[in-house]
Amino acid sequence: MQPRNSRLNSSSLRGAVDLAAVKAAGEAAQKAEQARAERARQAAAAEADGVAAPQPAYPLVIDVTEDTFETEVVQRSAEVPVVIDFWAEWCGPCKQLSPILEGLAEEYAGQFVLAKIDVDANQLIAQQFGIQGIPAVMAVVAGQLVPLFQGAESAANVRKVLDQLILVAEQRFGISGGAVVAGEAADAAPQRPEDPALSAAHDALDAGDLSGAIQAYKNVLVDQPGNTEAKLGLAQAELLQRVEGLDLQSVRAAAAADPKNVGIQLQAADLDLVGGHVEDAFGRLVDTVGRTFGEDRDTARLRLLELFEVIGPEDPRVVAARTALARVLF
């Protein structure tokens, strides 16, 4: 990943969120337009010369390991949707589904890349994705996780899922598969300069100047209230500022001893999230909302909504926690 990704995947927020994915989504439309224009130019030139149109510059089916996941899945997802097939040699349904996925990868001719992950050989990835049964199929688009389905499916059903994924990737993220420009032509493509105010906020966060980062992100949001990257950056900076100086073991012990103490539960949830224990953080606050009333309940509910902002609204853990929150509220 880019350096900013490494910051967000460090011990401060390991497993919690990837701000660079939001930035990638924001820049993807321009990149996709450049790629589409180049593909159209190459196709027209090939037709004029009477030769076949250029093929995708990336493999359609790849075996991915823990060592190659960053490059083959996360980075590539800024160019093309990456569909992940979690499988194992002993899995019978996997042997039915995998050939279907591989065949569709060839049929779709570069509109997505199929990444195959052996869960036995790559248990850490399987744990991080929360895989509890295989076959399981997910996708990554612009660094964002998109759960697709679990279990064997027919080619017709898989094709419907892929069509929807490709549509969402193009309409929401501006990412379109197909032949990808490689080499000097891609390197020479003009890049959109980053907003200086947003860049200053990122730099402050990189430097550990949390107060400065918070103010800088707020400044961006004054002029651009809908800036998703600034909202996410602000939520992260505020979270990190809240946990400064807190001792994890002491806070967890206090939270276990006094489950009705909303303030200590909020601290414990923040620390859970920073440590990458997203479901624990969400579950703790949902339980706190369920056992409290009045101002205490509203305080816990609002903190949970803040943590949703840190992770992102479409993350499946956020979706599940919203459902759980609705149950205890209504």
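A quick note: this is a predicted structure, and the numbers were derived from the prediction, not measured.

Regarding its fold elements, the protein presents 15 helices and 5 strands. For the protein, the residues scored as buried account for 44% of the 330 residues in total. A total accessible area of about 16200 Å² is found for the protein, and carbon and sulfur atoms account for 52% of it.

Quick look at the sheet that holds strand E3 (residues 113-118) now. As summarised here, the arrangement of the 5 strands in space is E1-E3-E2-E4-E5, forming an open sheet in which the pairing is mixed. If you trace the sheet from one side to the other, it starts and ends with strand E1 (61-63) and strand E5 (144-150), each paired once. Each strand of the sheet is rotated relative to its neighbour by a mean of 25 degrees, with strand direction disregarded. Strand direction decides the pairing type here: E1 and E3, joined by 3 bridges, are parallel. Residue pairing for E3: Val-61 is matched across the bridge by Leu-114.

To continue, consider unusual backbone geometry. With an omega of 0 degrees, the peptide bond running from Ile-134 to Pro-135 counts as cis. Mapped onto the fold, Pro-135 is located in the loop between helix H5 (123-128) and strand E4 (136-141). Positive phi, normally seen in glycine, also occurs at Ala-109, with a value near 50 degrees. The topology assignment puts Ala-109 in the loop between helix H4 (92-108) and E3.

Moving on to the packing of helix H8 (residues 196-206) against helix H10 (residues 228-243). The contact between H8 and H10 brings their axes to 11 Å, and the two run at 25 degrees. Relative to H10, the element H8 lies roughly parallel. Helix-helix and strand crossings are classified by hand; for H8 and H10 the assignment is left-handed. Residue-level contacts link Leu-198, His-202 and Leu-205 of H8 to Glu-229, Ala-230, Ala-237 and Leu-240 of H10.

Put simply, the protein has an average pLDDT of 79, and 78% of its residues get 70 or more. Confidence drops under a pLDDT of 50 for residues 1-26, and excluding neighbours within four residues, the segment shows 65 contacts in the predicted structure. Contacts of residues 179-192 to residues separated by more than four positions or lying in other chains number 19 contacts, the stretch itself having pLDDT below 50.

A few words on helix H13 (residues 278-291). If you check H13, its first and last C-alpha atoms are 20 Å apart, about what 14 residues at 1.5 Å a residue would give, namely 20 Å. Restricting attention to buried positions, one finds in H13 the residues Val-278, Ala-281, Phe-282, Leu-285, Val-286, Thr-288 and Val-289. Projection of H13 onto a plane perpendicular to its axis shows the buried side chains occupying an angular sector of 160 degrees, all on one side. On its buried face, H13 is in contact with helix H12 (262-274), helix H14 (294-311) and helix H15 (316-329).

So, about the nonpolar core. Counting 44 residues, the largest nonpolar core has Tyr-217, Leu-273, Phe-282 and Leu-307 as the members making the most contacts within it. At the level of elements, H8, helix H9 (210-223), H10, helix H11 (248-257), H12, H13, H14 and H15 are the ones that each hand at least two residues to this core. The element contributing the most residues to this core is H12, with 8 residues. If you look at the next biggest cluster of nonpolar residues, it comprises 26 residues, including Ile-62, Phe-86, Trp-87 and Cys-91.

Before going further, it helps to spend a moment on the pattern of salt bridges. Close approach of charged atoms lets side chains of opposite charge pair. Inspection of every chain in the model, using the stated rule, returns 12 salt bridges. Measuring nitrogen to oxygen at the nearest pair gives 2.4 Å for the salt bridge that ties Arg-76 to Glu-72. We classify Glu-72 as partly exposed; its relative accessible area is 22%. What you see here is one network of salt bridges that share partners, running through Arg-242, Asp-270, Arg-303 and Glu-306.

Now for the state of the cysteines. For the structure on display, the rule yields 1 disulfide. Through a disulfide, Cys-91 is tied to Cys-94; the S-S separation comes to 2.4 Å. Across the disulfide from Cys-91 to Cys-94, rotation about the S-S bond amounts to roughly 80 degrees, and the bridge is consequently right-handed. This pair shows no difference in class: Cys-91 is buried, exactly as Cys-94 is.

Here is what the cut-offs are and how they apply
Residues numbered from 1 in each chain as written. Predicted model: local features only at pLDDT ≥ 70, side-chain atom pairs only at ≥ 80, totals over all residues. Heavy atoms only, no water. Helix = DSSP H or I, 4+ residues; strand = E, 2+ residues; numbered from the N terminus. Buried < 20%, exposed > 50% of the residue type's maximum accessible area, 1.4 Å probe, protein only. Areas by Shrake-Rupley, 256 points an atom, 1.4 Å probe, with all protein chains shown as cover. Pairing = 2+ DSSP bridges. Axes fitted to C-alpha atoms, helices over the stretch in contact; angles between N-to-C directions. Parallel < 35°, antiparallel > 145°, perpendicular 65-115°, else oblique. Left-handed = near helix turned anticlockwise from the far one by under 90°. Contact = heavy atoms within 4.5 Å. pLDDT = per-residue confidence, 0-100. Expected span 1.5 Å × (residues − 1). Arc of directions from axis to C-beta. Core = buried A, V, L, I, M, F, W, Y, C linked by side-chain atoms within 4.5 Å. Salt bridge = Lys/Arg side-chain N within 4 Å of Asp/Glu carboxyl O. Disulfide = S-S within 2.5 Å.

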